[in-house]
Amino acid sequence: MPIPVTSTLRDRLAAAARPLAGMWVCSGSSLVAEICAGGGLDWLLIDMEHAPNGLESVLAQLQAVAAYPVEPVVRVPGDDPVVVKQVLDLGARTILVPMVNSAAQAREVVAAAHYPPLGRRGVGSALSRSARWNRIEDYLTGAADHVSVLVQVETAEAVAAAADIAAVNGVDGVFVGPSDLAASMGLLGQPTHPEVTAAVRSAIADVRAAGVPVGVNAFDPAVADAYAEAGASFLLVGADVTVLARAAESLAARFTAHRTA
C-alpha cells in the first residue's frame, strides 16, 4: 500500500504565520522524546552532536514522535556525508548540520543530502525507513521533496559569510548558534553579550535578505522574543535535560533547603 510523503521543517516554515517554537531533545531517551512531542511545540531537535545519541537511539526517537503533530529535526554530529546518509535513511526528513563556515562547505552538505543529479547521497531506499521500504511511491524521483537541509552558523567566520551560505541552492534554512559564536568571538559563556547579539542580528538580516528562513537558539524568553522581532522564523526555546534539571533543583530548593535531618 503506497504511503504518502510527510512534511519537512521547510514545509512547516513556508506555511507558518508565526515563528515556530521548538526544543532540544538531548537525553537520548525515546520516552522523553515522546513526552516532549506531546507538549504542543512545533518542532523538536534530536541532537547527535552534544548528546548521547547514535543511530539506534535516533531511530527509536523518530519512531516515538511520529504519532504526534510535531516536526522532528536531527542534528548530525558534523558534515560527514556517511552520517548524513545514514540519518536520512533512518527517516529523518530534516537535518541540521553544525559548524558550517562557508558557502563551499554548505554546497558539500547539500550534495551529501540529495541523490544524483543534485548530489551524491547513496541509494538504499529499498532497504531504509526513509522510503518506508519502497512503500512511498516514486520516492527516488521526488527525493528533493522528502529532505530539508538546515545549516548552522555559529562562528564569527560563518556570520561574515552568512549571506553566501544562505544563497547556496538547497540550503532550506540557516540556524544561528549564539553559544559557539560567543566562544569564537572571545566571549566564552556569554551568548547574550551585546557584541554577540549584534552578530546574531547581523546574521538574521543577511539570511532573510537572501530569502531563506533563519532560526536561533534562545532559552531566555525575552531574548527569544527579541530575535523573533528581528526576523527569526524558528527558535529553540528550551531543552529536555535543562527543563528536568531546573525542575529538580526547584523541588530541592522547596523541600530540602530549610530542613534539618
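The numbering scheme is per chain: residues are counted from 1 as the chain's sequence reads. At least 70 in pLDDT is required for a residue's local features to be given in this predicted model, at least 80 for side-chain atom pairs to be given and counted, and no such filter applies to totals for whole chains, interfaces and linings, which use all residues. To get the side-chain values, all heavy atoms of the structure are used, and hydrogens and water are removed first.

### What to know about the overall build of the protein chain
Item 1. Of the regular secondary structure elements, the protein chain holds twelve helices and eight strands.
Item 2. A globule of 261 residues ought to have a C-alpha radius of gyration of about 18 Å, and the protein chain, at 19 Å, matches this closely.
Item 3. The principal-axis extent of the C-alpha atoms belonging to the protein chain is close to 65 × 45 × 35 Å.
Item 4. Burial classes follow relative accessibility: with a 1.4 Å probe on protein chains only, a residue under 20% of its type's maximum area counts as buried, one over 50% as exposed, and anything between as partly exposed. Expressed as a percentage of the 261 residues in the protein chain, the buried residues total 48%.
Item 5. Residues count as neighbours in contact if any of their non-hydrogen atoms are within 4.5 Å of one another. When contacts within the protein chain are restricted to residue pairs at least 6 apart in sequence, those whose partners lie at least 24 apart make up 61%.
Item 6. Accessible surface, the protein chain as shown: approximately 12100 Å² in total, 58% of it carbon and sulfur.
Item 7. All tallies of charge rest on Lys and Arg as positive and Asp and Glu as negative; His and the ends of each chain are not included. For this purpose, a charge sits on NZ of Lys, CZ of Arg, CG of Asp or CD of Glu. Between the averaged position of the 17 positive side-chain charges in the protein chain and that of its 26 negative side-chain charges there is a distance of 6 Å. A run of DSSP states H or I qualifies as a helix once it reaches four residues; a run of E qualifies as a strand once it reaches two. Both are numbered from the N-terminal end. Every radius of gyration here is taken over C-alpha atoms, with the globule rule written as 2.2 Å times N^0.38, N being the number of residues. Only the protein chains shown count as covering a residue, and every accessible area follows the Shrake-Rupley method with a 1.4 Å probe.

### Some words on the environment of Cys36
Item 1. Relative to the helices and strands, Cys36 resides in helix H2 (residues 30-37).
Item 2. Exposure remark for Cys36: the relative accessible area of 11% places this residue in the buried category.
Item 3. Separated by 203 residues in sequence, Cys36 and Ala239 place their C-alpha atoms 9.3 Å apart.
Item 4. Beyond its immediate stretch of four places on either side in the chain, Cys36 contacts Met23, Val25, Leu44 and Asp240.

### Quick word on the packing of aromatic side chains
Item 1. Two aromatic rings from Phe, Tyr or Trp, using only the six-membered ring of Trp, form a pair when their centres are within 6.5 Å; if the ring planes differ by under 30 degrees the pair is stacked, by over 60 it is edge-to-face, and anything between is tilted. With the rule as written, the count across this model stands at four aromatic pairs.
Item 2. Aromatic side chains Tyr115 and Tyr139 sit 6.3 Å apart centroid to centroid with 80 degrees between the ring planes, which places their arrangement in the edge-to-face category. Within this pair, whereas Tyr115 is found in the loop between helix H5 (103-113) and helix H6 (143-146), its partner Tyr139 is found in the loop between H5 and H6, the two being separated by 24 residues in sequence.
Item 3. For Tyr115, a relative accessible area of 6% translates into the label buried.
Item 4. Following the ring pairs from residue to residue traces out a cluster consisting of Trp43, Phe175 and Phe234.
Item 5. Only Lys NZ and Arg CZ are tested; either one counts as a charge over a ring when it is within 6 Å of the ring centre and within 35 degrees of the ring normal. Positioned above the aromatic ring of Phe255, the side-chain terminus of Arg254 is 4.6 Å from the ring centre.

### Details of the environment of Ala199
Item 1. Positionally, Ala199 belongs in helix H10 (residues 194-209).
Item 2. Classification of Ala199 as buried rests on a relative accessible area of 15%.
Item 3. Taking the C-alpha atoms as reference points, Ala199 and Val159, 40 residues apart in sequence, are found 6.9 Å from one another.
Item 4. Not counting residues within four places of it along the chain, the set of residues in contact with Ala199 comprises Val159, Leu181 and Met185.

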